[in-house]
Amino acid sequence: MEEREKKLVEYSIEAVIIAWLGYLFLYQNYLLHEWHRGLPLPSKWPFALGGIAIGLAFLVYELWKLEKRSPTENTEEVLSPELEA
């Protein structure tokens, strides 16, 4: 697999994890601050959509950074020679 394809797979997996954690964070915080015992639980859809939006925002940002890099640019870092004392 090419380096770019590996990065796409990596960013996609990270985006799914971030979306799931975003959903859990949003729903849990809503329950902690707004929900009281005895009330029926609120719908999870708005929080799931919020988590998906967070994951997509992360994925778009990472893909933008990946496309911003020049394809001819060498990704290997060149070590600078040590300065003599």
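So, a few notes on the structure that sits alongside this text. Because the structure is predicted, anything quoted here is derived from the model rather than measured.

### Some words on the environment of Ser43
Secondary-structure assignment places Ser43 in the loop between α1 (3-34) and α2 (45-68). For Ser43, a relative accessible area of 42% translates into the label partly exposed. Taking the C-alpha atoms as reference, Ser43 lies 9.5 Å from Tyr27; in sequence the two are 16 residues apart. A distance of 3.3 Å separates a polar side-chain atom of Ser43 from the backbone nitrogen of Trp45.

### Observations regarding the packing of aromatic side chains
Evaluated as defined, the whole model comprises 5 aromatic pairs. Aromatic pair Trp20 and Tyr23: ring centres 5.5 Å apart, planes at 40°, arrangement tilted. Pair noted here: Trp20 and Tyr23 are both in helix α1, with a separation of 3 residues, about one helical turn. On the accessibility criterion, Tyr23 (13% relative accessible area) is buried. Pairing Tyr27 with Phe47 gives two aromatic rings, centres 5.2 Å apart and planes at 65°, and the pair type is edge-to-face. A residue pair is termed long-range when its members are at least 10 positions apart, and Tyr27 in helix α1 and Phe47 in helix α2 qualify at 20 residues. As far as burial versus exposure is concerned, Tyr27 and Phe47 are alike and both buried. Site record: aromatic cluster; members linked through ring pairs are Trp20, Tyr23, Tyr27, Tyr30 and Phe47.

Rules used in this analysis
- In this numbering scheme, every chain counts its residues from 1 along its sequence in written order.
- Reporting of local features is limited, given that this is a predicted model, to residues whose pLDDT is at least 70; pairs of side-chain atoms are given and counted only at 80 or more, and all residues count toward the totals for whole chains, interfaces and linings.
- Note that water and hydrogens are dropped before the side-chain values are worked out from all heavy atoms of the structure.
- Each helix is a run of H or I in the DSSP string that is no shorter than four residues. Each strand is a run of E no shorter than two, and both are numbered from the N terminus.
- Working definition: with a 1.4 Å probe on protein chains only, accessible area under 20% of the residue-type maximum means buried, over 50% means exposed, and in between means partly exposed.
- Polar contacts, as counted here, are pairs of nitrogen or oxygen atoms within 3.5 Å of one another; within protein the pair requires one atom able to donate a hydrogen and one able to accept it, and residues that are adjacent in sequence qualify only if both atoms are side-chain atoms.
- Stacked, tilted and edge-to-face are the three classes assigned to paired rings of Phe, Tyr and Trp, where Trp is represented by its six-membered ring and a pair needs centres within 6.5 Å; plane angles under 30 degrees give stacked, over 60 edge-to-face, the rest tilted.

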